[in-house]
Amino acid sequence: MSLLVVGLSHRSAPVSVLERASLAADAQAKLLQDTLAAEPATEAAVLATCNRIELYADVDKFHAGVAELSTLLAQHSGVGLEELTPYLYVHYEDRAVHHLFSVACGLDSMVVGEGQILGQIKDALARGQELHTAGRLLNDLFQQALRVGKRAHSETGIDRAGQSLVSFGLQQLAAGADPALWAGGKRALVIGAGSMSSLAAATLARTGVAEIVVANRTRARADRLVEILQQGDDTAVRARAVEMSAVGDELTRADIVVSCTGSTGLVLTADALADALGVSLDAAPEAPTVTAADPAPDDVDQHAAWVENGSAASAAHAGPATPRRVTVPAQSTGPVRLALLDLAMPRDIDGAAHRIAGVRLVDIESLAEASADAPMAADVDRVRTIVSDEVAAFGAAQRAAHVAPTVVALRTMAADVVAGEIARLDGRLPDLDEKQRAEITQTVRRVVDKLLHAPTVRVKQLASEPGGAGYADALRELFDLDPQTVAAVSRADLNDPNRGRS
């Protein structure tokens, strides 16, 4: 196993860089295809969410793999390699497994414990399977990550450590008030009808808004979301769908707007918002500047420590940090007439909206800053233990799987030897009856099976331990096994349609 992940997330890069580096669906597909075409990689998968872009690959060379994957990320994201490199992190083999399992459990999310990441991991796996870029290693890895994430949520209270990004965003819009009391009776406009927008609409409905209007470029998807909202047993919200061209009119009636589309440009400009409210843009308040610590760009271990622990204090143990200046837009003061929640990456809503009197804007960047100070639940430690145990189990299973084709090839060779000797016996003793021949054949097979049992069981045990990959090579050398036979067994296992299904 030579698993490598190269990526960037809200923990390693400012939102402005993440926004520019975001990958549309077609760009992700092209990235996967180009990664497989690159020499160091034999498998690839992309995990792209609103706050992370990660490229996973099975590589045969570490340094060449890091260079190639970094270059490909830069090429397909449109951010220059020199600019992107300081924000990239690298994880390899067991550390890469640990990283994905932590991500699946919500430990690396902007809001710790949120469960939406499981759906995004599932989508990443489905994309790799559809494009045939995910082979045995990445299929096993992502399927196990989904199981680990589900285990963490079912066996611990990690859900209580945080909320979904939508719930957390509404909490920030409420500015300390009870979100249900704050949103009760309000009219909401949801722009987009994808998974995040659907989650936002459902959350708003449960929160108690009076009406939800859904706008989407594909009207049928907006109609479908409205239908789902109206079928909910736990809400009595009014819901209707409109064309995207009607967004301007709906803004004049809305109290809350949530936007999450796949658009590469702004969906709501500051001018459009000001027109809807009948006001003009105020002079922009001076934006305060704060200092945060980023990991040094040339230290892979420091990047890993930063991302794994998620804090400047943790990164300090890995070495000195490079200060980064972050500009935080000031919000307008006074009563809030329109509350905006932008969950898109790149952003849907013009950041200049904060200059409009009566507007409160919460976006991915402000959510990242707010969640950085959120308290961690005690259950997080239990989840970390689960992750560590699962990483060890996954590594052992992968190492054992590595020796399995060699064991099968050995038993196949032994069966061929038995068959050859029985054929020779038939030639020398043609007068044997069927019962005698069957008894001799069974005896020879039992002898061979007993001789092979102990070494094959032991080699599987040894191979499952750290550093045990060499036992398969030793077995091939000792029994002079044909490498082509072992490779054929591996291919048959990989092409088994029932393999890895859960």
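Residues numbered from 1 in each chain as written. Predicted model: local features only at pLDDT ≥ 70, side-chain atom pairs only at ≥ 80, totals over all residues. Heavy atoms only, no water.

## Thoughts on the overall build of the protein chain
The secondary structure content of the protein chain amounts to 20 helices and 12 strands. Counting across all 502 residues of the protein chain, residues that qualify as buried make up 48%. Within the protein chain, counting contacts between residues at least 6 apart in sequence, those at least 24 apart form 75% of the total. If you sum the accessible surface of the protein chain, you get close to 23400 Å²; carbon and sulfur atoms cover 52% of it. (Helix = DSSP H or I, 4+ residues; strand = E, 2+ residues; numbered from the N terminus. Buried < 20%, exposed > 50% of the residue type's maximum accessible area, 1.4 Å probe, protein only. Contact = heavy atoms within 4.5 Å. Areas by Shrake-Rupley, 256 points an atom, 1.4 Å probe, with all protein chains shown as cover.)

## Thoughts on the packing of helix α6 (residues 116-130) against helix α7 (residues 136-155)
Interaxial distance between α6 and α7 falls to 10 Å at its minimum, and their mutual angle equals 165°. In terms of their interaxial angle, α6 and α7 are classed as roughly antiparallel. The handedness of the crossing between α6 and α7 is left-handed. Listed contacts from α7 to L118, I121, K122, A124, L125 and Q129 of α6 are L138, N139, F142, Q143, A145, L146, G149, K150 and H153. Of the residues contributing to the contact of α6 with α7, the split by class is 8 nonpolar, 5 polar and 2 charged. (Axes fitted to C-alpha atoms, helices over the stretch in contact; angles between N-to-C directions. Parallel < 35°, antiparallel > 145°, perpendicular 65-115°, else oblique. Left-handed = near helix turned anticlockwise from the far one by under 90°. Nonpolar A, V, L, I, M, F, W, Y, C, P; charged D, E, K, R; others polar.)

## Quick look at the sheet that holds strand β2 (residues 41-49)
The strand order across the open sheet formed by 4 strands is β2-β3-β1-β4, and the pairing between neighbours is antiparallel. What marks the edges here is a single partner per strand, and that holds for β2 and β4 (89-92). On average, each strand axis in the sheet is tilted by 15° relative to the strand beside it, whichever way the strands run. Each of β1 (3-9), β3 (52-59) and β4 touches helix α3 (residues 62-77); the most contacted strand, β1, lies at about 35° to it. Packed on one face of the sheet, α7 meets β1, β2 and β3 and runs near 30° to β2. (Pairing = 2+ DSSP bridges.)

## Concerning α3
Taking 1.5 Å of rise per residue, the 16 residues of α3 would be expected to cover 22 Å, and the 22 Å separating its terminal C-alpha atoms lies within 8% of that figure. Burial in α3 covers these residues: G65, V66, L69, S70, L72, L73, A74, H76 and S77. Residues of α3 that are buried sit in contact with β1, α1 (15-21), α2 (25-37), β3, α4 (81-84) and β4. G78 lies just past α3 and shows a positive phi near 85°. (Expected span 1.5 Å × (residues − 1).)

## What to know about the confidence of the model for the protein chain
Regions with low pLDDT should not have their predicted coordinates read in detail. Per-residue confidence for the protein chain gives a mean pLDDT of 81; residues scoring 70 or more make up 81%. Predicted confidence is poor over residues 283-330, with pLDDT under 50, and the contacts of this stretch with residues over four places away or in other chains come to 88 contacts. Counting interchain partners and residues more than four positions distant, the pLDDT-below-50 stretch residues 497-502 has 6 contacts. (pLDDT = per-residue confidence, 0-100.)

## Let's talk about the environment of I212
You can see I212 is positioned in strand β6 (residues 211-215). With a relative accessible area of 0%, I212 lands in the buried category. Between the C-alpha atoms of I212 and A202, which are 10 residues apart in sequence, the distance is 9.6 Å. Each residue touching I212, except ones within four places of it in the same chain, is listed here: A188, V190, A201, L204, A205, L229, V237, R238, A239 and R240.

## Regarding the pattern of salt bridges
Here the structure, examined in full by the defined rule, presents 21 salt bridges. Two residues, R11 and D108, come together in a salt bridge whose shortest N-O distance is 2.9 Å. Here R11, found in the loop between β1 and α1, pairs with D108, found in the loop between α5 (94-104) and α6; they are 97 residues apart in sequence, far enough to count as distant. Note that R240 is salt-bridged to E211, the shortest N-O span being 3.0 Å. Here E211 lies in strand β6 and R240 lies in strand β7 (residues 238-242), a separation of 29 residues in the sequence. One salt-bridge network, held together by shared partners, links R11, R52, E54 and D108. (Salt bridge = Lys/Arg side-chain N within 4 Å of Asp/Glu carboxyl O.)

## Quick look at the packing of α5 against α6
The contact between α5 and α6 brings their axes to 8 Å, and the two run at 130°. With respect to their mutual orientation, α5 and α6 come out oblique. Mapping the contact onto sequence places L100, V103 and A104 in α5 and I117, L118 and I121 in α6. The class makeup of the residues in the contact of α5 with α6 is 6 nonpolar, no polar and no charged.

## Focus on the nonpolar core
Ranked by size, the top nonpolar core spans 70 residues in total, and within it L8, L165, L204, I212, I256 and L343 carry the most contacts. If one sorts the elements of this core by residue count, helix α8 (residues 165-174) sits on top with 6 residues. A45, I121, A152 and V387 belong to the second largest nonpolar core, which has 35 residues in total. (Core = buried A, V, L, I, M, F, W, Y, C linked by side-chain atoms within 4.5 Å.)

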